[in-house]
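Observations on chain architecture
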Amino acid sequence: MKNQQILDSIAELPRIKLARLCTPFEETPNLRAAIAESMDADIDAVPRIFFKRDDATGFAFGGNKARHMEFLFAHLIGRGFDTIVNINHYHSNQARFVAAASAKTGLKCHMVAVDMLDAPVVGNLLIGHLTGAEIHRVPGEYSRSVAEKLVEEENGNGRKATVLSDNDFSDIAGMIGFVETGIELDAQTSDADLGGAPLRFWGLVGRSIAGVRLYARNTGKPWSASATAYSHTQPDSYEAIYIDRSTRVAELLGLDTALEPSDLDTITGYQGSDYGVPHDGVFEAIHMVAKAEGILLDPNYTGKSMSALIGEIRAGNLDPDTPIVFIHSGGLPQTFAYAQQLWDWGSD
Ligand SMILES: Cc1ncc(COP(=O)(O)O)c(C=O)c1O
């Protein structure tokens with residue numbers, strides 16, 4: 001399939017401009033050298049590493065979900081909703097983007113922030129507040145009933161409210177955004193003299209890496225993709241989820257094919273004890289990338305995927321001749337939720 005056909009299909013979808021696109025693409029040679037040095041190995045033992053800088057989407061602190069929200073909010077507004085009730089974790093970046101996109105589009109937003117009720121107001125929660133969301137901090141088991149009650153109350157007051165996760169489109173909007181990212185990457189990898197070369201894309205279990213792989217599959221690019229798990233429940237269900245979602249995206253965009261089981265390599269062993277609990281490898285990765293390149297990673301997502309990349313390189317599991325494209329999907333506000341641990345790391 002040709003890029004223009006894909007662009008034409010995407011252009012037919014309702015969309016609201018939120019992100020600054022196209023995001024930068026850059027090689028990180030100092031990081032490559034730092035990894036080689038940490039292994040006491042020659043530079044050639046480490047693949048070249050490029051970053052797709054979706055931390056630089058420029059909306060509400062940046063991150064991949066600015067792309068997702070462009071399609072999702074146009075869809076919700078098209079269905080007449082004026083109030084969004086969103087349920088997600090204390091650490092959630094999605095929650096920040098839903099709050100910010102609501103502000104930008106004039107919708108009312110309730111942010112049901114689940115668990116960690118006594119954790120300080122920093123990062124995503126703070127940005128939710130700054131962008132005007134009403135915040136409700138509740139234990140996980142009550143989140144659904146609290147959200148439903150909010151919808152009922154808002155509807156009783158003459159508004160049109162919805163619990164965001166009840167809208168199927170929220171599952172696929174992000175993958176659509178990242179099929180388009182594939183087109184940006186096609187041009188950027190060609191400019192870096194990587195056109196036609198086998199590349200390994202590196203990201204997190206989710207819609208974004210699946211969207212890039214879906215693009216590659218439909219355009220015949222020799223791009224493989226690795227998705228790092230960041231919680232223990234993910235690996236079992238991810239394959240079924242990305243196949244189902246890619247089937248829906250393929251139908252919507254008129255793509256030739258959806259994803260197949262072998263299209264994504266799920267990387268496990270780097271989740272740490274739980275979601276939102278960074279381990280030593282994450283702190284090492286954040287320090288290493290910041291010192292080598294002046295690029296910041298976050299402790300819940302991109303720090304985990306970088307710790308996986310470093311770990312897999314050290315274990316000799318990656319072909320050093322296949323360049324890596326690391327999808328930097330953002331998440332930076334939560335860095336400040338771990339300020340003391342990041343400060344203390346490596347000091348003894
Ligand atoms: C910063 C960041 N990167 C990656 C992900 C993975 O999911 P997705 O690709 O669906 O955004 C998340 C999920 O919340 C995230 O917050």
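Now for a look at the structure at hand.

1. A few points about the sheet that holds strand β8 (residues 223–228)
The strand order across the open sheet built from 6 strands is β1-β2-β10-β7-β8-β9, with neighbouring strands paired in mixed fashion. The sheet is open, and its two edges are formed by β1 (25–27) and β9 (265–267), each paired on a single side. Strand-to-strand, the axes of this sheet are offset by a mean angle of 25°, without reference to chain direction. One ladder, built from 6 bridges, connects strand β7 (residues 199–204) with β8; its direction is parallel. When the sheet's bridge partners are listed, Trp-202 is paired in β8 with Ser-226. Packed onto the sheet, helix α11 (residues 302–314) meets β7, β8, β9 and β10 (324–328) and runs at close to 140° relative to β7.

2. Some thoughts on the environment of Val-205
Considering the arrangement of structural elements, one finds Val-205 in the loop between β7 and α8 (207–219). Residue classification places Val-205 among the buried positions, given that 25 C-beta atoms sit within 10 Å. C-alpha of Val-205 to C-alpha of Tyr-242: the two residues are 37 residues apart in sequence and 9.3 Å apart in space. Residue contacts for Val-205: discarding those within four places in its chain leaves Ala-227, Thr-228, Ala-229, Tyr-230, Gln-234, Tyr-238 and Thr-266.

3. Thoughts on the site of the ligand
By nearness alone, 14 residues border the ligand, and Asn-93, Gly-206, Ser-208, Ser-329 and Gly-331 come closest of all. Elements represented by at least two residues in the shell around the ligand include exactly α4 (93–105) and α8. In terms of residue class, the shell around the ligand is built from 2 nonpolar, 10 polar and 2 charged.

4. Describing helix α7 (residues 169–191)
Here α7 spans 34 Å end to end across 23 residues, near enough to the 33 Å set by a 1.5 Å rise per residue. In the stretch just after α7, Asp-193 is the one whose phi turns positive, near 60°.

5. Some details on the packing of α8 against helix α9 (residues 234–253)
At a minimum axis separation of 11 Å, α8 and α9 run at an interaxial angle of 55°. In terms of orientation, α8 lies oblique with respect to α9. The chirality of how α8 crosses α9 is right-handed. Residue-level contacts link Arg-207, Ala-210 and Leu-214 of α8 to Tyr-242, Arg-245, Ser-246 and Val-249 of α9. For the contact of α8 with α9, the class distribution of residues is 4 nonpolar, 1 polar and 2 charged.

6. As for the pairing of strand β2 (residues 49–53)
Strand residues, when the strand is regular, have side chains that alternate between the two faces of the sheet. Of all 5 residues that make up β2, 4 are buried, and the element is covered over most of its length. Inspection of the sheet shows β1 paired to β2 by 3 bridges, in the antiparallel sense. When the bridges of β2 are listed, Phe-25 appears paired with Lys-52. The sheet contact formed by β2 and β10 spans 5 bridges and is parallel. Along β10, the bridge assignment pairs Ile-49 with Ile-324.

Cut-offs used in this document
Residues numbered from 1 in each chain as written. Predicted model: local features only at pLDDT ≥ 70, side-chain atom pairs only at ≥ 80, totals over all residues. Pairing = 2+ DSSP bridges. Helix = DSSP H or I, 4+ residues; strand = E, 2+ residues; numbered from the N terminus. Axes fitted to C-alpha atoms, helices over the stretch in contact; angles between N-to-C directions. Contact = placed C-beta atoms within 7 Å. Buried ≥ 20, exposed ≤ 12 C-beta atoms within 10 Å, placed from the backbone. Near = placed C-beta within 6 Å. Nonpolar A, V, L, I, M, F, W, Y, C, P; charged D, E, K, R; others polar. Expected span 1.5 Å × (residues − 1). Parallel < 35°, antiparallel > 145°, perpendicular 65-115°, else oblique. Left-handed = near helix turned anticlockwise from the far one by under 90°.

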